[in-house]
Amino acid sequence: MRKYLLRRFLNMIPTLILVSLIVFSLLRLLPSDPVRILAGIDDSGAIDPALYARIKSELGLDRPLIVQYASWVSGVVSGDWGKSYLTGMQVFPQIVDRLKFTVQLGVAAWVFGVILGVSLGTVSAIKRNSAADIAVTTFAISGVAIPHFWLGMMLIIVFAVWLGWLPFGGFNANLFSSPGLWLKHMLLPTLVLGTGLAAILMRQTRAALLEVMREQYILTARSKGVEEKWVVLRHAMKNSLLPVVTIASLQLGTLIGGTVVTETVFTLPGVGKFVVDAVIQRDYLVVQMGLLVLTIGVMLSNFAADILYTYLDPRIRYD
Amino acid sequence: MYGTSPRGSQRTLLLSLILTAALGIVVTSVLAAELVPPRPLPSKSVGGTLNLAYFREVSSPDGFQANGSFDRMYFYAGNEVLVAMGKDGLYDPSESLAYAYDVLDDGKRYRFHLRKGVQFQGDYGEMTAADVAWSLNRIHRPDMGSRWSNVFRAMDRAEEVDKYTVDVYLKELDVNLITRMFNRESIVHSRKHWEAVGGHEQHKLHPIGTGPYQLVDWKVGVGTEWVKHPQYWRGEPMMDRVNIRVITENRARLAALQTGEVQVAWLQAEQVLEAQKDPNIKVWSVSGVGWDGWAWALGLPPLDDIRLRRALVKAVDRDALNKSVYLNTMRASQSHTFAPESPYGIDGAELWQGDWLKYDPAAAKKLVHEVAKERGLKLPIELKGVCERRPDRQLVCEFLQAAWDEIDVKLNFNVVSNANERLQVMEQCQTHVNQTGGLMHAPYLMEGALQSTGENSYSSFLCKDKGHKLNPSDLQVQADIDRLLDLATRQPSMDKAVDIYKQVQMLALKNVWQYIPAMLRVNYYGCHIATAGGCEENPMRGDGHIRPGDFWVKK
């Protein structure tokens, strides 16, 4: 087991190298050029060629690509993540700062999605083919189909503009010092981000539970006179949740890496929006580091899912 | 020797020098420009936090180093220019650090009279001529973060005359010096602070200016936070804090305004109608702060034929374009680079509404067929174009495509991500029509596009080595435009130059030259009436923007 985990962990290194190469090359394939942005094509529409050359040299973008790549990687390894081309700020603290928020949002949405998805899936399975089942299934389909962008905007219009109950967006709260304010700011984004996950988990829970409920040991439990709620909770749920837990664990990484639309709609200070803004501005270093960090996040959550899977199902052995 | 010893001659010379200097001092003090009092702030200090929202990130809160056209919304919270632009687009001494200026030596020297008692933020002391001269001299120093040397190529140097007077020397005449200075290039910073933080890289993050608010935090993608500068020269700022938030999503920005979470917000065209319907929001607009249209490659056949250029303009129903693409938030231009009501604008109605350029698809088609027949071109005439990936701009290209299709001209356009990419495509010199636009707060902006040596005049300048050739009559037009623009620049005062700039615009419009400013842009801001003070009167300046120091929160 230990050997497997070590091997699995070490496998992340080539993946990271591959991702770094892809990100580095794709950015440079984009037709635009950060130096032109920095050189200031302003009202006069002018670019001074000498200034252009100077900025290019200052940023090291006049060096061969392989040298640029090597310099970036050695910087990352030695802890120097460099400065944003656009703002001149250090990249590391900016990404860490935004990652803190994105992790909060991702975890909140994940918890919300898991609780809602598993509960609704269970209700749907127990009350199969009832009105409740149809309603929950409709929710699930809608949850997957409705774009986050549209849902977010609708929630803002209803809860912020019409009812005035919640802020339109933005985030300036601390979970520990001002939990009420934190909740107010996080509620709508959590709903938007968590709904998709809840829908997926609901379908998965329903399917798994229905399958387990047909097993012989469930019939045995019922024959022994065990109350139906305990049949479901103690016997059926325990076994049906294994694939649900796996999917939920894998989705945590996806959530953290996929917050960009929610962060944009609700004007949230997360890493997804930060990276997308940087892509638009061709701020290479910020994009490279942001994507690398998000990749690491997804890989770590997948790794955690693997560990959890072996823990939950003792039959699984990797050695 | 003619009766005067060398020693005597020296004495006479010395005496005359002393007398001249004394006379100079007397004349200067007598003729010194009259002090224009500062315009008081619209309200007394009320405290609290003001929230403003804008649609994009600032490239730096240090105005001198900010390089985006739309950064003004942010940096004017803390940075001030030597000569400020007023609501009419002209010099407004009552909001300027220089309350007056003189034009000396036939326009080769400008003398700026500074206000006394202007304090820098953060206890960096009084602003003096030394700070101003140092700030202006940064223009030719890329190592100090300047991007503007090219714009100020006529300027030689700035020198401190006394504590409150600065002279700017020009290498050659430039009637536009003052209008060029309206922008970030004449922002005055504290030299002491600049040196204390170690130069431009740190100053870009922590600027110290003379404005009403001092930057305390800049979080990229989130916004900037400013606190009041209690010793501000126009009086104590009205707010304790100002937050300028980045809300990129247009509908979310309007929602923030509707809920009163922000007091003032930039509005995008598609939000204007909804904002105008909301009784809690006052919408302000300034028209003619720029134009939208398209540029030609004049030397790329068949656009070297003015009949075809005219036909392409005549085929476009600009009122329909305004309604369908811009939701009636622009104006069909009746002038050229500047709006007719601008001090520099022309009345081009005769051309736009007469046979020359009036919307008339039948006449346009006739012109196209005439050109095709004469030049042996196959119909439809095929043109290439480039367009930005922005909803309105892409729609404009589709609109042009449909309009020109009606007159047997087929436009094939590529879509690119942003203005930089568009310029890169234009520099390949293979596209006939390029969707574009420009700001228009001062005449010098025409130089870049209309003059043959203009950096943005890709047709005559950039493309001359790439096979583009102007026909003889167009060469004459270009020569006339070059001559007139040179002449205008060399006038001793703007009064004398304005007529020449108007001639240039008329010439360009008549010859359908370089770019077609088809639509006049209108900038919109919304103000939340219930929570914001300052909504009553339109506070937008001639550059189409507001100043964060103009607003307060109602108690």
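Residues numbered from 1 in each chain as written. Chains lettered and ligands numbered in written order. Predicted model: local features only at pLDDT ≥ 70, side-chain atom pairs only at ≥ 80, totals over all residues. Heavy atoms only, no water.

Asker: Residue-level account of the overall build of chain A, with values.
Answerer: Scanning chain A from N- to C-terminus turns up 13 helices and zero strands. The linear arrangement of helices and strands in chain A, starting from the amino end, is α-α-α-α-α-α-α-α-α-α-α-α-α. If one aligns the C-alpha atoms of chain A with their principal axes, the spans along those axes are about 85 × 60 × 40 Å. Sorting the 319 residues of chain A into buried and exposed places 47% on the buried side. Taking as baseline every contact in chain A between residues at least 6 positions apart, the subset at least 24 positions apart corresponds to 73%. In the form shown here, chain A has an accessible surface area of approximately 15,600 Å², with 68% of it arising from carbon and sulfur atoms. Averaging the locations of the 27 positively and 19 negatively charged side chains of chain A gives two centres separated by 10 Å. (Helix = DSSP H or I, 4+ residues; strand = E, 2+ residues; numbered from the N terminus. Buried < 20%, exposed > 50% of the residue type's maximum accessible area, 1.4 Å probe, protein only. Contact = heavy atoms within 4.5 Å. Areas by Shrake-Rupley, 256 points an atom, 1.4 Å probe, with all protein chains shown as cover. Lys, Arg positive; Asp, Glu negative; His and termini not counted. Charge placed at Lys NZ, Arg CZ, Asp CG, Glu CD.)

Asker: Go over the interface of chain A and chain B with me, naming the residues and quoting the values.
Answerer: Each partner contributes residues to the interface: chain A has 47 residues there, and chain B has 47 residues. Of the roughly 3,800 Å² buried between chain A and chain B on both sides combined, carbon and sulfur atoms contribute 54%. Here chain A and chain B share two salt bridges between them. A salt bridge links B:Lys219 to A:Asp97; the shortest N-O distance between them is 3.3 Å. Where chain A meets chain B, there are six residue pairs in polar contact (both at pLDDT 80 or more). Only α2 (34–39), α3 (49–58), α5 (91–126), α7 (148–162), α11 (260–265) and α12 (271–280) of chain A provide two or more residues apiece to the side of chain A that touches chain B. Ranked by residue count, the leading element in the side of chain A that touches chain B is α7(A), at six residues. (Buried area = accessible area lost by both parts, 1.4 Å probe. Salt bridge = Lys/Arg side-chain N within 4 Å of Asp/Glu carboxyl O. Polar contact = N/O pair within 3.5 Å; in protein donor to acceptor, adjacent residues only side chain to side chain.)

Asker: Explain the sheet that holds strand β2 (residues 98–104) of chain B to me, and be specific about the residues and the numbers.
Answerer: Residues and elements named next belong to chain B. In spatial order, the strands read β2-β3-β5-β4; together these four strands make up an open sheet with antiparallel pairing. Every interior strand has two partners, whereas the edge strands, β2 and β4 (155–162), have only one. Averaged over all pairs of adjacent strands, the angle between strand axes in this sheet comes to 20°, irrespective of strand direction. With six bridges connecting them, β4 and strand β5 (residues 165–170) associate as antiparallel partners. Bridge pairing in β5 links Ala 158 to Val 168. Along the sheet, helix α3 (residues 129–137) contacts β3 (109–114), β4 and β5; its crossing angle with β4, the most-contacted strand, is approximately 175°. (Pairing = 2+ DSSP bridges. Axes fitted to C-alpha atoms, helices over the stretch in contact; angles between N-to-C directions.)

Asker: Quick one: what's the story with a nonpolar patch on the surface, residue by residue and with numbers?
Answerer: All names here are of chain A. Together, Leu 6, Phe 9, Leu 10, Ile 13, Ile 17, Leu 21, Ile 296 and Leu 300 make up a nonpolar patch on the protein surface, roughly 690 Å² of accessible area in all. Taken together, the elements giving at least two residues each to the nonpolar patch come down to α1 (2–29) and α13 (284–312). Checked against the element boundaries, Leu 300 lands in helix α13. Using a relative accessible area of 41% as the deciding quantity, one classes Leu 300 as partly exposed. (Patch = residues over 30% accessible without salt bridge, like charges linked within 9 Å, V, L, I, M, F, W, Y side chains within 5 Å.)

Asker: How would you explain the pattern of salt bridges if you had to name every residue and give the values?
Answerer: Residues and elements named next belong to chain B. Tallied over the full model, the rule gives 42 salt bridges over all chains. Linking Asp 167 and Arg 109 is a salt bridge whose minimum nitrogen-to-oxygen distance equals 2.7 Å. Placement of Asp 167 in strand β5 and of Arg 109 in strand β3 is noted, with a sequence separation of 58 residues between them. Among the residues examined, Arg 109 registers a relative accessible area of 15% and is labelled buried. For Arg 157, the salt bridge is made with Asp 156, and the minimal N-O distance between the two is 2.6 Å. On the basis of relative accessible area, Arg 157 is assigned to the partly exposed category, the value being 31%. What makes Asp 156 partly exposed here is its relative accessible area of 36%.

Asker: Just give me the short version of unusual backbone geometry, but keep the residues and values in it.
Answerer: With glycine set apart, most residues show a phi of negative sign, and most peptide bonds adopt trans. Residue and element names in this part refer to chain B. Each neighbour pair has its own omega, and for Pro 301 with Pro 302 the value is 5°, a cis peptide bond. Residue Pro 380 is reached from Leu 379 by a cis peptide bond, and omega for that bond is -5°. Note on placement: Pro 380 falls in the loop between α12 (361–375) and β12 (381–388). Although it is not a glycine, Cys 429 adopts a positive phi angle of roughly 65°. The phi angle at Gln 514 is positive, at roughly 55°, despite the residue not being glycine. Here Gln 514 shows up in the loop between α18 (494–510) and β15 (515–528).

Asker: Go over the packing of aromatic side chains, please, and point to the residues and values.
Answerer: Following the criterion strictly, the structure yields 24 aromatic pairs over all chains and no others. Seen in terms of ring centroids, B:Trp284 and B:Phe551 are 5.6 Å apart; in terms of plane orientation they differ by 25°. Their pairing is stacked. Note that B:Trp284 is positioned in strand β10 (residues 281–296) and B:Phe551 in the loop between β16 (532–533) and β17 (552–553), a separation of 267 residues in sequence. Of the aromatic side chains, those joined through ring pairs into one cluster are B:Tyr54, B:Phe55, B:Tyr74, B:Trp266 and B:Tyr525. The ring centre of A:Trp230 lies 4.6 Å from the NZ or CZ of A:Arg234, which sits over that ring. Its guanidinium or amino end placed over the ring of B:Phe64, B:Arg138 lies 4.0 Å from that ring's centre, counting from NZ or CZ. (Phe/Tyr/Trp six-rings, centres within 6.5 Å; stacked < 30°, edge-to-face > 60°. Lys NZ or Arg CZ within 6 Å of the ring centre and 35° of its normal.)

Asker: Help me get a handle on the packing of helix α10 (residues 228–257) of chain A against α13(A), residues and values and all.
Answerer: Residue and element names in this part refer to chain A. Contact pair α10 / α13: the axes reach a minimum separation of 8 Å and the direction vectors enclose 170°. One finds that α10 runs roughly antiparallel with respect to α13. For the crossing formed where α10 meets α13, the hand is right-handed. Two secondary-structure elements touch here, α10 through Leu 242, Val 245, Thr 246, Ser 249, Leu 250, Leu 252, Gly 253, Ile 256 and Gly 257 and α13 through Leu 294, Val 298, Ser 301, Asn 302, Ala 305, Leu 308, Tyr 309 and Leu 312. (Parallel < 35°, antiparallel > 145°, perpendicular 65-115°, else oblique. Left-handed = near helix turned anticlockwise from the far one by under 90°.)

Asker: How would you explain the confidence of the model for chain B if you had to name every residue and give the values?
Answerer: Detailed reading of the predicted coordinates is not advisable wherever pLDDT is low. Residue and element names in this part refer to chain B. On average, residues of chain B score 90 in pLDDT, and 94% of them reach the 70 mark or higher. The lowest-confidence element of chain B is helix α1 (residues 6–31), averaging 55 in pLDDT; the highest-confidence one is β5, averaging 98. Confidence drops under a pLDDT of 50 for residues 1–6, and excluding neighbours within four residues, the segment shows one contact in the predicted structure. The low-confidence segment residues 26–31, where pLDDT is below 50, has two contacts with residues more than four positions distant or belonging to other chains. (pLDDT = per-residue confidence, 0-100.)

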